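Residues per chain are reported as follows:
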Amino acid sequence: DIQMTQSPSSLSASIGDRVTITCQASQDISYFLNWYQQKPGKAPKLLIYDASNLEAGVPSRFSGSGSGTDFTFTISSLQPEDIASYYCQQYGSLLPITFGPGTKVDIK
Amino acid sequence: EVQLVESGGGLGQPGGSLRLSCAASGFSFGNYWMSWVRQAPGKGLEWVANMNQDGSEKYYVDSVKGRFTISRDNAKNSLYLQMNSLRAEDTAVYYCARTQSYSSRFEYWGQGTLVTVSS
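This section reports on the structure supplied with the text. (Residues numbered from 1 in each chain as written. Chains lettered and ligands numbered in written order. Predicted model: local features only at pLDDT ≥ 70, side-chain atom pairs only at ≥ 80, totals over all residues. Heavy atoms only, no water.)

One widely used convention gives an interface's size as the accessible area the parts lose upon coming together. If you look at the interface, chain B gives 20 residues, while chain A gives 18 residues. Both faces considered, chain B and chain A share a buried interface measuring about 1600 Å² in area, 62% of it formed by carbon and sulfur atoms. Connecting chain B to chain A are zero salt bridges. Counting every contact that joins chain B to chain A gives nine residue pairs in polar contact (both at pLDDT 80 or more). Secondary-structure elements contributing two or more residues to the side of chain B that touches chain A are β4 (33-39), β5 (45-51) and β10 (106-109) of chain B. Per-element accounting of the side of chain B that touches chain A gives the leading share, four residues, to β5 of chain B. (Contact = heavy atoms within 4.5 Å. Buried area = accessible area lost by both parts, 1.4 Å probe. Salt bridge = Lys/Arg side-chain N within 4 Å of Asp/Glu carboxyl O. Polar contact = N/O pair within 3.5 Å; in protein donor to acceptor, adjacent residues only side chain to side chain. Helix = DSSP H or I, 4+ residues; strand = E, 2+ residues; numbered from the N terminus.)

Shown next, in the form of structure tokens:
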């Protein structure tokens, strides 16, 4: 199975700050990496697919980059409504699909 | 508007069974792969199972193989998860999700249904 790691596990930032989360795969997954936002008590929401493509309707302050084993998710200017946990997910040709352990983002 | 609404969660006995349902609307259900993803309390996300449009392909995470069965009824726009031989570690919120293929992104999610396995 492909293992996913994320760092940090949690972070506190101020409104307007640039926030960066990293995700690492245990083997090369090309660009087969998605990012989700999950607010407390709610279902996850797809934000970024195929490493860098913004899902329709998602604000442009969210972005993703990377390929191979190392990926980055960025919020360019943190907003109060961005308080949530963020998960990466790989979907290589071999199952199982696996998620990172998540990063909890809150306001400093 | 795409909507996925899960039901059927509740308290299950260890070794017992539960059947989850997911009612889909707002899209052509029969044209899409569908998945179940779960989240144990306070934990991360875990893909459980998925199946293709006509049910001819089904895939499971190893921890549920032989115990859980995914199925669908395209005439009723519904997805199901039959959960047998329940274990305490199956306790989680179960989400149904629309996906593009056997291994892809989860485009839309339901609100989830909580399954608690306890005696």
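Time to look at the nonpolar core. Counting 40 residues, the largest nonpolar core has Phe 99 of chain A together with Trp 36, Leu 79, Leu 81, Tyr 94, Phe 106 and Trp 109 of chain B as its most contacted members. Residue assignment for this core shows that the elements contributing at least two residues are β3 (18-25), β4, β5, β7 (68-73), β8 (78-83), β9 (92-99), β10 and β11 (113-117) of chain B. Excluding residues that lie within four positions of it along the chain, Tyr 94 of chain B makes contacts with Glu 6, Leu 20, Trp 36, Val 37, Arg 38, Val 48, Phe 68, Leu 81, Met 83, Gly 112, Thr 113 and Val 115 of chain B. Of all hydrophobic cores here, the second largest spans 24 residues; its members include Ile 29, Leu 33, Leu 78 and Cys 88 of chain A. (Core = buried A, V, L, I, M, F, W, Y, C linked by side-chain atoms within 4.5 Å. Buried < 20%, exposed > 50% of the residue type's maximum accessible area, 1.4 Å probe, protein only.)

A word on the pairing of strand β11 (residues 103-107) of chain A. Residues and elements named next belong to chain A. Across four bridges, the pairing between strand β2 (residues 10-13) and β11 is parallel. Bridge pairing links Leu 11 to Val 105 in β11. Looking at chain direction, strand β9 (residues 84-90) and β11 are connected through three bridges and run antiparallel. Looking across to β11, one finds that Tyr 86 is bridged to Thr 103. (Pairing = 2+ DSSP bridges.)

A few words now on the sheet that holds strand β1 (residues 4-7) of chain A. Residues and elements named next belong to chain A. Pairing in this open sheet of four strands is antiparallel, and the strands run β1-β3-β8-β7 from one edge to the other. Among the strands making up the open sheet, the edge pair consists of β1 and β7 (62-67). Strand-to-strand twist in this sheet, taken as the mean axis angle between neighbours without regard to direction, amounts to 15 degrees. Relative to strand β8 (residues 70-75), β7 runs antiparallel, the two being bridged by six bridges. Paired with Gly 64 across the bridge in β8 is Phe 73. (Axes fitted to C-alpha atoms, helices over the stretch in contact; angles between N-to-C directions.)

Remember, this is a structural readout, not a statement about activity or role.
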